[in-house]
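# Commentary on secondary and tertiary structure
Take a look at the letters that make up each chain.
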Amino acid sequence: MIEHTNMKIRLHKWIWGLLLLLLFPVSLYPQITISGSIQEAGSGEPISFAQLKVNQLQTGAISNESGFFSIDIPPGEVHFAIQRIGYYPLTLEFSAWKDTFIQVRMIQASSFLDTVMIEAFSGLQDVHLGRMVIPMEQLKQLPALAGEGDVLKSLQFLPGVQFGQEGTSGLFVRGGSPDQNLILLDDMPVYNVNHLFGFFSLFPPGVIQDMEVYKGAFPAQYGGRLSSVIRLQVKEGNLSEWKGETSLSMLSGQVRVEGPLIPGKSSIFFAGRRSLIDLVLRPFTSYNYRREGVNGSLGYGFYDIITKANYIISPKSRLFVSVYAGSDQGKISIRPSDEDSTASESSGALQWGNITTSMRFQQVMGKKWFSKSVLGFTRYRYNQELSFSRKEVGFPEDKIQFGNYSSVNDWILKQEFHGQTGRNHNLRAGIQLSSKQFEPDVSFLSIQDGMVATDTSFREPPLRSQTASVYTGYEYSTPSLSLYLGLRAEGFFTEGKQWWSVQPRAKIGWKFAPAWKVEAGYSYIQQYIHLLTNSGLGLPTDLWVPATSLIPPASSQQITAGIFHEIDPRTTISIEGYWKQIEGVIEYKEGVSYINNFSNWQQLVNIGRGKSIGLEFFLHRRSGKWNGWIGYTLSKATRQFDEINDGIEFPFRYDRPHNVSMFLSRELPNPNKSISATWTFVSGARITVPDEQYFVPFDLVDQLTGFADNLITSGSSYIFGPSAVYAESRNNYSQRPFHKLDIAYRTKKAKRKFDRTWEFGVYNLYGRQNPYYVFYGTETIFSTTEPFVRNERTLREYSFLIWLPYIGYQISF
Amino acid sequence: MDKTLRIIVRTPQLLVFFFMFSCTQVTELQIPDPEPELIVNGLFTPDSTWKINVSTNTSIYNSDYEPTYLDHAKVSLWEDDSLLGTLIPSGRGNYRLNRYPKAGTTYRLLVEADGFSPVSAEDRIPIHVPEIDNIIWDLDREVVLGDQTGGVYTTNPLTLDVIHHPDEPEYYRVQQILLDSCDCLDHPIWPLVDFLDDPPIFLGLDTRFPLCEPSARDHNILMFRDDGIEGLSTTIECYSSDTLNAFYSYSLPRSDNDTLWLYDYNGIGPDQTPRKTYVRMYLDTWNMSESLYRYQLSYLTQGYNSGDPFAVHINVFSNTSNRRGIFAGYQRKWFLFYQHG
């Protein structure tokens, strides 16, 4: 017994010793710490993911998302080389005998395409398992629908990321659905990222400084969504001079201004965008209404405002305030003509939008630690309203208004520490608290009947939830070996119900040859909110709902592995494989009409599971006169619900086995001109199409309903005939493959006071009629011969966006 | 600069219109004919002899209204694992056996036909007939209801007690059928109604009873399972739709000889009492197997969703081996009641 106790004590000592060694490694040799921040010369924007290399040690560091880095080296002469795509490389030589904090300023390359690469750097440093960082300058080269550049839609050209409906910005990452993407704008989640019913996202490239995408092997600091993390950082504003841009595309006008509030100390960035559709359409719709004898108008528009201010409190501390507000609004109004004093007036409005705001304080603590504190709020709200009124001279007005709205409000507090615990050892730890309020669906009715007014609202009480998360991630990296171990613990509290989870994350990498490395990772994530959707379009009517006592959280496990090869410092090639299992996904029950249904949402959904497996190939040339990529994904994604499809597994709606995307950009001999093209080939999306029918005999219908011939009698009950339509399985039909070629040509010219850029392009150059949606219905055919009337079933595929030229204009000053 | 501005302003306008109006193409899709399958339908109850219907599936594009009946199949029936017999074809896909099914007994069916994969199915009739007690339709009490679409209507509550048997799961269906009614004092000159020309009216039913299936309520039928009842009796308050009031006024007794009708056209009965308002009503109640319950719900839902592009497709539930058709048992009971004004 004593021996056993001693063994336990010895074992505990070993475990504690190992932990201490991992977390606080002590070097046997004298070390100093060089820390600092890397910024863009002139503007002072922090430069994230810059590679820093200590030449004599074959070691290095990468700046974090705030441009901060820290590295332990022996005292003496220091030879640093620093590189980042889009900037001229930099070498630093200085003597350091004690801990030193430095500020590095990198000069932006005059053209993204002529970035010089240092051969000593490995392109492998920029590629990681499950993580993608595409330079914003390269994304700007992508041809865009209607000339409206779009950060999120550009991700659809990456392997493992698929689009939903053509032209829309929904992202389906590795067999997941759009609600499983955590989209962070300056650390705040954005719940609905769509404008114009999904055709555009909220983020034009000109406002985003950095974007980082995780598809797997998630670090512990991220949680709450199963399939991806898309971290977007808004530009922070030029600290030394005022600059601006204004641009006009076919659909919107944009303006961006940035400059110093206090030179060298504080700056501000402002961007505004407004659609032009309503301005163009309104005169025509009004004219049409007038021809019909009424006054009316029909309009649709959207806007975005993004502003961010920052203040440098000291060289080691900085404060940021970031605000986004955007909204889509559609309105229709029909009023009586001026002569008609008794006609009714009707109007309708549809509106949805987001507000996110965050305040971030970051500082360098001591010589090795970086701290980030964030307090923020994000809200998504959708509402629609219809109103009818009638007024006669001498009588009080009769008016009826009805509509519904839904919203989600989210308060978030984060505190994170990130730093070195020793040479090659990094640690990140933090805590996140979130308080959400959901109003999934609130309907209201207001009736003014003469002098009597009635106001009614039909609502479920708001659902409130709180999430608390703590996490830590330890990273060990040497030139040939890297190891990441992370742990995230979360508690979710709602309706008196609690869920706890411990989510391990791990990644290991081995550089087995100078230009080759392999990596493998595992991550487990829980998601506590769901999106009720039937379309995958990102329609504003999709409802965000929390996990409840009836609808548990969803979770996923993902195992991923990849091999990466550097062809040259600009060009890398990778093959990644993944296996993902999702539990707790929800889908509308069979037979639910998600428009014509007034039941509690919890009664309308089934809970099931999903699986996806895939192989992703990616050849990426990041800069140079020729640059671009080729991506190919071979994948399979399925869903299984006990109560859907007789419990049999069926293909996920966006299970597209083959997905090829190519992007090529070429700088022409005149460096102010460039052309680019994208080509996409994707297997057709899956839909459910009843492809056979069988007849239920009349007498059986009699038994079921009483009287078949006279059944169309009872209120809203309609039985159109005795046949039953049948689909062998959910999502049994694969649409035709989708493919298209887009091209763009840009020409830039320096004028006296500004630079102007014209962009011309064509979406779907060769006019491929890609399937947009399939409509299944019944059509009544009238004939002069017998049978005079017959019903025929129809299956029609609608194509949209065929050969669409566009033009864009931009002025930079 | 002016010229540039004009280009900037006008070109997007033209292109927006191009974008919106010139880029939709429609393609008719053709789907190959399905693999041939047998469709077996048969509902059985202790009150009637065996009848099974056999037909075949057909393409979704087939607009013929007439089923493709199959009269050369072999239809075998087992009762608790012993062969009961082979059903005899009687035309139009029907196969009959002059035996009565028994409640609580499990039946298995096997249908074989050349050119088709055999189809089997198994089900049983619930032991108990539906038991409903204390049916009260209170015409004196009015309830004002607002539905979630904003509609407001007045209705009379109908309460009934469902008695559940704990020895087996039960699946209920209740439908309210108005046979006839009279408000003769208000409309003494209206002619009598021929019942054959004016069949019964299926009344809309709604309820706040939480166990009722929402999808069936949309069809004005109450369907619910015994979850939450478990051996108890429970009271359901139902609400007829406001259309009842209209029917209540418009319908008249079918003949003077109707045993219910004791009053002449002048509103005077044999005992010289004035005519009274009355309603004659059936409550059609089912206790059925789980398979039939799911079949009915899905059948009603599919019909209701027909033409709705926003509805999630639902197959009609099937308990046959090829997932088409139904073979299921039930017990049914009619409750006739009157309400005099």
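For the structure itself, consult the block above.
Definitions and cut-offs
Residues numbered from 1 in each chain as written. Chains lettered and ligands numbered in written order. Predicted model: local features only at pLDDT ≥ 70, side-chain atom pairs only at ≥ 80, totals over all residues. Heavy atoms only, no water. Helix = DSSP H or I, 4+ residues; strand = E, 2+ residues; numbered from the N terminus. Areas by Shrake-Rupley, 256 points an atom, 1.4 Å probe, with all protein chains shown as cover. Pairing = 2+ DSSP bridges. Axes fitted to C-alpha atoms, helices over the stretch in contact; angles between N-to-C directions. Buried < 20%, exposed > 50% of the residue type's maximum accessible area, 1.4 Å probe, protein only. Polar contact = N/O pair within 3.5 Å; in protein donor to acceptor, adjacent residues only side chain to side chain. 1 Å grid on protein atoms, 1.4 Å probe; cavity = no way out; pocket = protein on both sides within 12 Å on 5 of 7 lines; lining within 4 Å. Points joined across faces, edges and corners; volume = space filled by probe spheres on them. Nonpolar A, V, L, I, M, F, W, Y, C, P; charged D, E, K, R; others polar. Salt bridge = Lys/Arg side-chain N within 4 Å of Asp/Glu carboxyl O. Expected span 1.5 Å × (residues − 1). Core = buried A, V, L, I, M, F, W, Y, C linked by side-chain atoms within 4.5 Å. Contact = heavy atoms within 4.5 Å. Patch = residues over 30% accessible without salt bridge, like charges linked within 9 Å, V, L, I, M, F, W, Y side chains within 5 Å. Phe/Tyr/Trp six-rings, centres within 6.5 Å; stacked < 30°, edge-to-face > 60°. Lys NZ or Arg CZ within 6 Å of the ring centre and 35° of its normal.

### Quick look at the overall build of chain B
Each helix and strand counted, chain B has 4 helices and 21 strands in total. In the form shown here, chain B has an accessible surface area of approximately 15,900 Å², with 51% of it arising from carbon and sulfur atoms.

### What to know about the sheet that holds strand β1 (residues 32-40) of chain A
Residues and elements named next belong to chain A. Spatial strand order, β4-β1-β7: 3 strands in an open sheet with mixed pairing. A single partner strand is all that each edge strand has here, and the edge strands are β4 (68-73) and β7 (100-106). Averaged over all neighbouring strand pairs, the angle between strand axes comes to 25°, with direction disregarded. Where β1 lies against β7, 7 bridges are found, and the strand directions are parallel. Along β7, the bridge assignment pairs Ile 34 with Thr 100.

### Considering the pairing of strand β15 (residues 208-214) of chain A
All names here are of chain A. With 7 of 7 residues buried, β15 is to be regarded as a mostly interior element. With 2 bridges connecting them, strand β8 (residues 131-132) and β15 associate as antiparallel partners. The residue bridging Met 132 from the neighbouring strand is Val 213, located in β15.

### Quick word on the side chain of Arg 173 of chain B
Topologically, Arg 173 of chain B is positioned in strand β15 (residues 171-182). In terms of polar contacts, Arg 173 of chain B uses its side chain to reach the side chain of Gln 296 of chain B, at 2.5 Å.

### Considerations on unusual backbone geometry
Residues and elements named next belong to chain B. You will see that Asp 81, though not glycine, has its phi angle at about 75°, which is positive. Under the relative-accessibility criterion, Asp 81 is labelled exposed at 68%. The phi dihedral of Arg 92 is positive, around 55°, even though this residue is not glycine. Along the chain, Arg 92 turns up in the loop between β7 (82-91) and β8 (94-97). Its relative accessible area of 47% is what places Arg 92 among the partly exposed residues.

### A word on the sheet that holds strand β41 (residues 692-695) of chain A
Taken together, 3 strands build an open sheet; the order of strands is β42(A)-β41(A)-β4(B) and the sheet is antiparallel. Two strands in the sheet have a free side with no partner beyond their single neighbour: β42 (723-726) of chain A together with β4 (58-59) of chain B. By the bridge criterion, 4 bridges tie β41 of chain A to β42 of chain A in an arrangement that is antiparallel. Considered in β42 of chain A, the bridge of Gln 693 of chain A is made with Val 725 of chain A.

### Looking at the pairing of strand β39 (residues 673-682) of chain A
Look at any regular strand and the pattern is simple: side chains alternate between the two faces of the sheet. Residue and element names in this part refer to chain A. The two faces of β39 differ: Ser 674, Ser 676, Thr 678, Thr 680 and Val 682 on one face are buried, but Lys 673, Ile 675, Ala 677, Trp 679 and Phe 681 on the other face are not. In the sheet, strand β38 (residues 658-667) pairs with β39 via 9 bridges, with the strands oriented antiparallel. What sits directly across from Leu 664, in β39, is Ala 677. Linking β38 to β39, which pair antiparallel, is a turn of 5 residues.

### Focus on empty space enclosed by the protein
All names here are of chain A. The full count for this structure, using the stated rule, is 12 cavities of 30 Å³ or more. By volume, the largest cavity amounts to about 420 Å³. Along the walls of the largest cavity sit 31 residues, with Leu 182, Gly 223, Lys 414, Gln 432 and Arg 488 positioned nearest its centre. Elements supplying a minimum of two residues to the lining of the largest cavity: β11 (181-185), β24 (398-422), β25 (425-449), β27 (463-477) and β28 (481-494). Sort the elements by how many residues they give to the lining of the largest cavity and β25 lands first, with 5 residues. Looking at the lining of the largest cavity residue by residue, the class counts come to 11 nonpolar, 8 polar and 12 charged.

### Quick notes on the pattern of salt bridges
Residue and element names in this part refer to chain A. Across all of its chains, the model carries 40 salt bridges over all chains by this definition. The salt bridge involving Arg 174 is made with Glu 576; its shortest N-O contact spans 2.8 Å. A residue pair is termed long-range when its members are at least 10 positions apart, and Arg 174 in the loop between β10 (172-173) and β11 and Glu 576 in strand β34 (residues 571-588) qualify at 402 residues. Just as Arg 174 is buried, Glu 576 falls in that class too.

### Looking at helix α4 (residues 290-305) of chain B
Along its 16 residues, α4 of chain B runs 22 Å from first to last C-alpha, staying within 8% of the 22 Å computed at 1.5 Å per residue. One or two residues past the end of α4 of chain B sits Gly 307 of chain B, with phi positive at roughly 85°.

### Topic: the nonpolar core
Residue and element names in this part refer to chain A. The biggest cluster of nonpolar side chains holds 43 residues, and the ones touching the most others in it are Leu 145, Phe 199, Leu 532 and Trp 544. Contributions of two or more residues to this core are made by α4 (277-291), β20 (295-314), β23 (369-390), β31 (529-532), β32 (543-546), β34, β45 (755-763) and β48 (804-812). It is β48 that contributes the most residues to this core, 5 residues altogether. Not counting chain neighbours up to four residues away, the residues in contact with Phe 199 comprise Leu 145, Lys 153, Glu 166, Gly 167, Thr 168, Tyr 772, Phe 800 and Leu 801. Counting 33 residues, the second-largest nonpolar core is a separate cluster that includes Leu 142, Val 161, Leu 202 and Met 211.

### What to know about the environment of Trp 242 of chain A
All names here are of chain A. Residue placement: Trp 242 occurs in the loop between β16 (228-234) and β17 (243-248). Taking the C-alpha atoms as reference, Trp 242 lies 6.6 Å from Pro 260; in sequence the two are 18 residues apart. Not counting residues up to four positions away in its chain, the partners in contact with Trp 242 are Val 257, Glu 258, Gly 259, Pro 260 and Ile 268.

### Some remarks on α4 of chain A
All names here are of chain A. The end-to-end C-alpha separation of α4 is 22 Å, in line with the 21 Å expected for 15 residues at 1.5 Å each. Listing the buried residues of α4 in full gives Ile 277, Asp 278, Val 280, Leu 281, Thr 285, Ser 286 and Tyr 289. Positioned one or two residues after α4, Gly 293 has a phi angle of 90°, which is positive.

### Describing a nonpolar patch on the surface
Residue and element names in this part refer to chain A. A cluster of nonpolar residues, Val 321, Val 323, Met 359, Leu 375, Trp 411, Leu 413, Ile 431, Leu 433 and Val 470, forms a patch on the protein surface that exposes about 730 Å² of accessible area. Elements supplying a minimum of two residues to the nonpolar patch: β21 (317-335), β24 and β25. When its relative accessible area of 36% is taken as the criterion, Val 321 is described as partly exposed.

### A short note on the packing of aromatic side chains
Tallied over the full model, the rule gives 30 aromatic pairs over all chains. Plain terms: the ring middles of Phe 172 of chain A and Tyr 654 of chain A are 4.2 Å apart, the flat faces sit at 45° to each other, and that makes the pair tilted. Here Tyr 654 of chain A lies in the loop between β37 (650-651) and β38 and Phe 172 of chain A lies in strand β10, a separation of 482 residues in the sequence. Pairing Phe 493 of chain A with Trp 500 of chain A gives two aromatic rings, centres 5.3 Å apart and planes at 75°, and the pair type is edge-to-face. A relative accessible area of 23% means that Phe 493 of chain A is categorised as partly exposed. Feature note: the residues Phe 44, Trp 50, Tyr 107 and Phe 327 of chain B constitute an aromatic cluster, connected by ring pairs. Directly above the ring of Phe 564 of chain A sits Lys 517 of chain A, whose terminal nitrogen or CZ lies 5.7 Å from the centroid. Directly above the aromatic system of Trp 78 of chain B lies the positively charged group of Arg 108 of chain B, at a separation of 4.4 Å from the ring centroid.

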